[in-house]
Amino acid sequence: LVENIPAVIVTVLMETGRSGELAAVADTLRAHNTSRGAGRFSVSAELGKRKYVTASIEYALQAGNRADLVEPEIRRALGMNYALATGEEDQTGLFSLRRRRFGGREYASTLEGVTQNVGGVLWAKTRFFTNLNVESDIPYIDHPEDLDLPSAPDLNAIVSCGAGFILSLYDKHLLLK
């Protein structure tokens, strides 16, 4: 309900720098709504945003493996964001956009499990896991390089976000030991 009126709200995650095109997306949705059927509900589009997290994972290598070969595989499995266009990034990892949902949460234990499933990793332990930006921040910081890492980060068992946000892990916000 929007002001006590039934409505369909579509949350749209735009490429960085393209949030100005949200009005065009909303116009397209409204046009389809009115041209296809009775148009019983108002339709609007809201801008989806990334909620960046930071993590430190300590891991042990199995004998005969090298960290310089295993760490890129850990980063791929975790679905690192490298601030590139979505089509240029690997979309198979835990934090990749194709595997995330708006309002979804993530667990520190899942980071450990994903890391342990990488070939060459004997065990893994999450040392800290926390969010970097607050959903109510104004202005919202869209570029992960502009976010400050906490001096004493927390280990949260669960990191969650609101309905208009999607969790994302930027490459420089992950510390592997």
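Since this is a predicted model, take the numbers as computed values, not measurements.

**What about the sheet that holds strand β3 (residues 49–61)?**
Pairing is mixed in the open sheet, where three strands are placed in the order β5-β3-β7. Where the open sheet ends on each side, the last strands, each with one partner, are β5 (121–131) and β7 (165–176). When strand polarity is set aside, the average angle formed by the axes of neighbouring strands in this sheet is 35 degrees. Pairing between β3 and β7: eight bridges, direction parallel. By the bridge assignment, Ala 55 is partnered in β7 with Leu 174. Sitting on the sheet, helix α3 (residues 108–116) is in contact with β3 and β5, with an inclination near 150 degrees to β5.

**Describing the pattern of salt bridges**
Under the criterion given, the structure shown has seven salt bridges. With a shortest N-O distance of 3.2 Å, Glu 58 and Arg 127 are connected by a salt bridge. In this pair, Glu 58 sits in strand β3 while Arg 127 sits in strand β5, placing the two residues 69 residues apart along the sequence.

The rules we used
- Residues numbered from 1 in each chain as written.
- Predicted model: local features only at pLDDT ≥ 70, side-chain atom pairs only at ≥ 80, totals over all residues.
- Heavy atoms only, no water.
- Pairing = 2+ DSSP bridges.
- Helix = DSSP H or I, 4+ residues; strand = E, 2+ residues; numbered from the N terminus.
- Axes fitted to C-alpha atoms, helices over the stretch in contact; angles between N-to-C directions.
- Contact = heavy atoms within 4.5 Å.
- Salt bridge = Lys/Arg side-chain N within 4 Å of Asp/Glu carboxyl O.

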